[in-house]
Amino acid sequence: MTTLITNIKELLQIEDYPKSRVCGKEMSILPFLKNAFLLIENDIIKNFGTMNNLPNIIANKTVNAEGKIVLPTWCDSHTHIVFAGNREQEFVDRINGLTYEEIANNGGGILNSAKKLQATSEEELYKQSAVRIKEIMKLGTGAVEIKSGYGLAKDAELKMLRVIKKLNENFPITIKATFLGAHALPIEFKNNKSGYLDIVINETLPSVAKENLAEFIDIFCETGYFSVEDTERLLKAASKYGLIPKIHVNQFTAIGGVQAGVNFKALSVDHLEEMRDEDIETLKNSKTMPVALPSCSYFLSIPYTPARKIIDAGLPLALATDYNPGSTPSGNMNFVVSTACIKMKMTPEEAINAATINGAYAMGLEKTHGSICKGKKANFIITEKIPSYGFIPYSFGNHKIEQVFLEGIAI
Ligand code: NIG
Ligand code: FE
């Protein structure tokens, strides 16, 4: 099955040779062709070029993209999409003056989601999560990382991870799973953090590894949640099973989570709303991808990750949604890209790089996703007729997507 897209006004993020990520000044370069074609064979990108070099081929299907822009689908490297119910009431409580921290201390927050998830069957959890997967695919996401972390008990954590596995099997979007057993402390362990970590490390982690349910390990390294010492203990245990760290750090306070992540060769360190100069220094000369989650800053009214400081220091940056019921009930990468431009002063080129190739890197998918490159997965967005690619972030709150192709097929 071959599909030919012709007369593309701008074909974005093209590569002759796949690169793993883009850093610093390189992030302001977004390679593209004007008046281009794109040829797909089954689920793979076969060829691309300018229309005057279009080879003489008869495709099974031809799509005329005149006036439209084609770009790789978004790579959302940080989400908590598998959850039960919602936390709409906490949203209203925050409007009325309570803080995220106060709500969590009153038994709300992550523990509220855990209570709901523990009482929800695997089938029902799958059903609710599948709705969100369909929603983000329509919004142009072609690869997504999903964390556990609302189970907070062995069976419930495994239930979440099995749902993630089933979603990956049943949908054309690529899904990577992360074990986040250390997301919050269950009430019954209120005064026994090390006891809870014992369970995560000695009971849940071995089962996660045995059933091959996760590739990555995460922990909420934050004041009031898990310390740097807890983080080091967990990452050390997880490394024995080959799980690679992708960790929550520096969301509300900077306590050394970046250093712990880099020491344990984390693939990414995520959030980074609070960044000290030493955190930026630590990230230099590492392969760890910093990941910003601007929709979370927007929804909680907390500071935005200092993207300019990070990129101007020569570092790479990825953008992701953090889709979850408490701090970011949205999986819209189009909004993330706009918000990064508007609030974090990233240019459209930097934001698109951060949401495609660097997002792919932050999930270990840079060889197959994140760019238009021969041999990579045929995952791409065709926009409506728009004047130029800058119009994508400019149209904040709207998306300009007409069609999404995943694995070579229009969804
Ligand atoms: O990434 N910060 C930790 N975890 C999630 C929010 C969890 C929740 O409130 O349910 C986050 O923001
Ligand atoms: Fe998160």
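Residues numbered from 1 in each chain as written. Chains lettered and ligands numbered in written order. Predicted model: local features only at pLDDT ≥ 70, side-chain atom pairs only at ≥ 80, totals over all residues. Heavy atoms only, no water.

A.B. asks: Residue-level account of the overall build of the protein, with values.
C.D. replies: Across its full length, the protein carries 15 helices and 18 strands. A compact globule built from 411 residues should have a C-alpha radius of gyration of about 22 Å, and the protein, at 21 Å, falls within 12% of that. Its C-alpha atoms give the protein principal-axis dimensions of roughly 70 × 45 × 45 Å. Across the 411 residues of the protein, 60% fall into the buried class. The contacts of the protein with a sequence gap of at least 6 include a subset with a gap of at least 24, amounting to 74%. Accessible surface, the protein as shown: approximately 16200 Å² in total, 51% of it carbon and sulfur. In the protein, the 44 positive side-chain charges and the 46 negative ones have mean positions that sit 4 Å from each other. (Helix = DSSP H or I, 4+ residues; strand = E, 2+ residues; numbered from the N terminus. Rg over C-alpha atoms; globule rule 2.2 N^0.38 Å. Buried < 20%, exposed > 50% of the residue type's maximum accessible area, 1.4 Å probe, protein only. Contact = heavy atoms within 4.5 Å. Areas by Shrake-Rupley, 256 points an atom, 1.4 Å probe, with all protein chains shown as cover. Lys, Arg positive; Asp, Glu negative; His and termini not counted. Charge placed at Lys NZ, Arg CZ, Asp CG, Glu CD.)

A.B. asks: An account of the side chain of Glu 90 is requested, with residue identities and associated values reported.
C.D. replies: As for its placement among the helices and strands, Glu 90 is situated in helix 1 (residues 88–95). Overall, Glu 90 belongs to the buried group, its relative accessible area being 9%. Side chain to side chain, Glu 90 and Arg 87 meet in a polar contact 2.7 Å long. (Polar contact = N/O pair within 3.5 Å; in protein donor to acceptor, adjacent residues only side chain to side chain.)

A.B. asks: Pulling in residues and values, what's your account of the coordination of the iron ion (ligand 2)?
C.D. replies: Those protein atoms acting as donors to the iron ion (ligand 2) are His 78 (NE2), His 80 (NE2), His 248 (NE2) and Asp 322 (OD), and they sit at 2.1 to 2.2 Å. The motif formed by the donor residues of the iron ion (ligand 2), counted along the single chain, is H-x1-H-x167-H-x73-D. In this pair, His 78 is assigned in the loop between strand 7 (74–76) and helix 1 and His 248 in strand 11 (residues 244–249), connecting sequence segments 170 residues apart. With respect to burial, His 78 and His 248 carry one shared label: buried. (Donors = N, O, S within 2.8 Å, 3.2 Å for Na, K, Ca; no water.)

A.B. asks: Residues and numbers for the site of ligand 1, please.
C.D. replies: Around ligand 1, 15 residues are found, and the nearest of them are Arg 87, Tyr 100, Tyr 150, Gln 251 and Ser 327. At 2.4 Å from an oxygen atom of ligand 1 is found a side-chain nitrogen or oxygen belonging to Tyr 100. His 183 is positioned with one of its side-chain polar atoms (N or O) 2.8 Å from a nitrogen atom of ligand 1. Protein contacts shield 100% of the accessible area of ligand 1, which totals 320 Å² for the unbound molecule. Cavity membership is defined here by more than half of the atoms lying within 2 Å of grid points; on that basis ligand 1 lies in the largest cavity. Class assignment for the residues of the shell around ligand 1 results in 4 nonpolar, 9 polar and 2 charged. (Near = heavy atom within 4 Å. 1 Å grid on protein atoms, 1.4 Å probe; cavity = no way out; pocket = protein on both sides within 12 Å on 5 of 7 lines; lining within 4 Å. Sits in = over half its atoms within 2 Å of the grid points. Nonpolar A, V, L, I, M, F, W, Y, C, P; charged D, E, K, R; others polar.)

A.B. asks: Hey, could you go over the domain arrangement of the protein for me, with residue numbers and the actual values?
C.D. replies: Along its sequence, the protein is organised into domain 1 (2–74 + 371–410) and domain 2 (80–361). For domain 1 and domain 2, the distance between their C-alpha centroids amounts to 29 Å. Counting residues at the interface gives 32 residues for domain 1 and 37 residues for domain 2. Between domain 1 and domain 2, roughly 2800 Å² of surface is buried when both sides are summed, and carbon and sulfur atoms account for 65% of that area. Of all residues in domain 1, the largest losses of buried area upon contact with domain 2 belong to Arg 21, Met 27 and Trp 74, amounting jointly to 32% of the total for that side. Here domain 1 and domain 2 share 0 salt bridges between them. Where domain 1 touches domain 2, the interface holds 12 residue pairs in polar contact (both at pLDDT 80 or more). Listed by contribution, the elements that provide at least two residues to the side of domain 1 that touches domain 2 are helix 15 (391–394) and strand 17 (401–406). (Domains from an automatic or database assignment. Buried area = accessible area lost by both parts, 1.4 Å probe. Salt bridge = Lys/Arg side-chain N within 4 Å of Asp/Glu carboxyl O.)

A.B. asks: Lay out the packing of helix 12 (residues 333–344) against helix 13 (residues 348–355) with the relevant residues and their values.
C.D. replies: With their axes 9 Å apart at the nearest point, helix 12 and helix 13 run at an angle of 140 degrees to one another. Taken as axis vectors, helix 12 and helix 13 run oblique relative to one another. As for how helix 12 packs across helix 13, the hand of that crossing is right-handed. Taken together, the residues of helix 13 that come into contact with helix 12 (itself represented by Met 333, Val 337, Ala 340 and Cys 341) are Pro 348, Ala 351, Ile 352 and Ala 355. Within the contact of helix 12 with helix 13, the residues separate by chemical class into 8 nonpolar, no polar and no charged. (Axes fitted to C-alpha atoms, helices over the stretch in contact; angles between N-to-C directions. Parallel < 35°, antiparallel > 145°, perpendicular 65-115°, else oblique. Left-handed = near helix turned anticlockwise from the far one by under 90°.)

A.B. asks: Now, about the pattern of salt bridges: what can you tell me, with residues and values included?
C.D. replies: Taken as a whole and assessed by the stated rule, the structure comprises 22 salt bridges. Ionic pairing is found between Lys 19 and Glu 15, a salt bridge with its closest N-O pair at 2.9 Å. Taking the shortest distance from any N to any O, the salt bridge between Asp 312 and Arg 308 comes out at 3.1 Å. With Asp 312 and Arg 308 both in helix 11 (residues 307–312), this residue pair falls 4 residues apart, about one helical turn. Where salt bridges share partners, they join Glu 15, Lys 19 and Lys 376 into one cluster.

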